[in-house]
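Chain by chain, the residues:
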Amino acid sequence: MVNGPEDPLRVDLDTVGWDWIDWCSVEREVRRLRQRIFKASQEGDLAKARSLQKLMLRSRSNTLLSVRQVTQRNAGRKTAGIDGEVALTSGARADVAVRVHQSIQTWKPRAVRRVYIPKASDKTKLRPLGIPVLIDRCHQARVKNALEPEWEARFEPKSYGFRPGRSCQDAIGAIYTTCKGPMAKRLWALDADLAAAFDRIDHDRLLEAIGEFPARGMIRDWLKAGVFEPGKGFAPTGEGTPQGGVISPLLLNVALHGLEEAAGARYQTTGIRAGNVNRGSPILVRYADDLVVLCHSQPQSGVRFPGIQRPPVPSETSDQTKQGGLEADPEKARDGDAKTTRI
């Protein structure tokens, strides 16, 4: 057994034990349980999904794989939170795994460390990151493995950012497939970027969307943990999720879920063309906080985003982003013919 409380992580796990863990077996157990959660959510059996999520949150294999992901595989494994702790040796990773598994029910999230890095698009501007402490990141990876498969069964078809098995190239391909050829119908493109999306997520709306997820309280504590910035001290967080946390991209996707429907995108649900977009319906392609709406004409795009002169977008989409505490960036908004406008 690997999922129940009767299989606690061995307290004698040491350097040798870490190096000899059967990682293929660990990954197989976590993958199997993720698939079961996905299937239960897809079938609408929420009670079964919640039960399986509890098993995932107690799983020894989930703890081991999460610690390995955070301390051994992630690019930020050498970056410490406010406590300065990192785990770069097998012995340190084994110790972290034991501490994480023993604190599943008792861990209290700590404040994140604020750092700034240059933006990729403009090196003169800085992007704020929030770096959680090491134990928090490991717990976030554990919780992500329980929450993500439930929402993967719900997420909209043309959402591509921060999702397993999907990439930026897939989003580009979706736009190209829609616009290519002489018979293409949706040729009016609306390109928008949600301003400071990670920093403006509405906590109450996000927690309402998560519902009775077993680790909901821990997610709430992460959202409210606060930020510590050298020279400025501690500051509470009333909105947003730290851009730098392991679970933050998933929480952003949950907060933005529903934009396709709000934009008027409708899909066929029956017949041999199930999954295809309905005729006359616009298409919204989203990659994280960047979105492109492809319409049949400019009038179909409706009213404009709040505070933006262009591009026009469906009024329901505006309401959706406003309810989530998000607004489009007027400096990055563009519209025009899809075959001539650079997106």
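Our subject is the structure listed above.
These notes cover the structure that comes with them.

Thresholds applied
Residues numbered from 1 in each chain as written. Predicted model: local features only at pLDDT ≥ 70, side-chain atom pairs only at ≥ 80, totals over all residues. Heavy atoms only, no water. Salt bridge = Lys/Arg side-chain N within 4 Å of Asp/Glu carboxyl O. Helix = DSSP H or I, 4+ residues; strand = E, 2+ residues; numbered from the N terminus. Pairing = 2+ DSSP bridges. Axes fitted to C-alpha atoms, helices over the stretch in contact; angles between N-to-C directions. Parallel < 35°, antiparallel > 145°, perpendicular 65-115°, else oblique. Left-handed = near helix turned anticlockwise from the far one by under 90°. Contact = heavy atoms within 4.5 Å. Polar contact = N/O pair within 3.5 Å; in protein donor to acceptor, adjacent residues only side chain to side chain. Buried < 20%, exposed > 50% of the residue type's maximum accessible area, 1.4 Å probe, protein only.

Attention now goes to the pattern of salt bridges. As enumerated under the stated definition, the model contains 12 salt bridges in all. Across the pair Arg32 and Glu29 runs a salt bridge, and its minimum N-O distance is 3.0 Å. You can see Arg32 and its partner Glu29 sitting in helix α2 (residues 23-42), 3 residues apart, about one turn around the helix. Salt bridges here are not isolated pairs; linked through shared partners, they connect Glu27, Arg68 and Arg73.

Strand order in this open sheet of 4 strands is β2-β1-β4-β5, and the pairing throughout is mixed. Looking along the sheet, the strands with just one partner apiece sit at the ends: β2 (126-131) and β5 (233-235). Averaged over all neighbouring strand pairs, the angle between strand axes comes to 40°, with direction disregarded. Where strand β4 (residues 227-229) and β5 come together, 3 bridges link them in antiparallel fashion. When the sheet's bridge partners are listed, Glu229 is paired in β5 with Gly233.

Moving on: the packing of helix α6 (residues 134-152) against helix α10 (residues 248-256). Interhelical geometry of α6 versus α10 gives an angle of 30° and a closest axis separation of 11 Å. Here α10 runs roughly parallel to α6, going by the angle between their axes. In the crossing of α6 with α10, the sense of the turn from one axis to the other is left-handed. Listed contacts from α10 to Lys144, Leu147, Glu148 and Trp151 of α6 are Leu250, Leu251 and Val254.

This part takes up the environment of Glu260. The topology assignment puts Glu260 in helix α11 (residues 259-262). Here the alpha-carbon distance between Glu260 and Pro282, two residues 22 residues apart in the chain, equals 8.9 Å. If we skip the residues at most four places from it in the chain, Glu260 touches Glu156, Pro157, Lys158, Ser159, Ala265, Arg266, Tyr267 and Leu284. A polar side-chain atom of Glu260 sits 2.8 Å from the main-chain amide nitrogen of Lys158.

Of note in the backbone geometry, Phe162 takes a positive phi value of approximately 60° without being a glycine. Mapped onto the fold, Phe162 is located in the loop between α6 and α7 (168-179). Located in the positive-phi region is Ala288, a residue other than glycine, with phi close to 60°. Relative accessible area serves as the criterion here: at 5%, Ala288 is assigned to the buried category.

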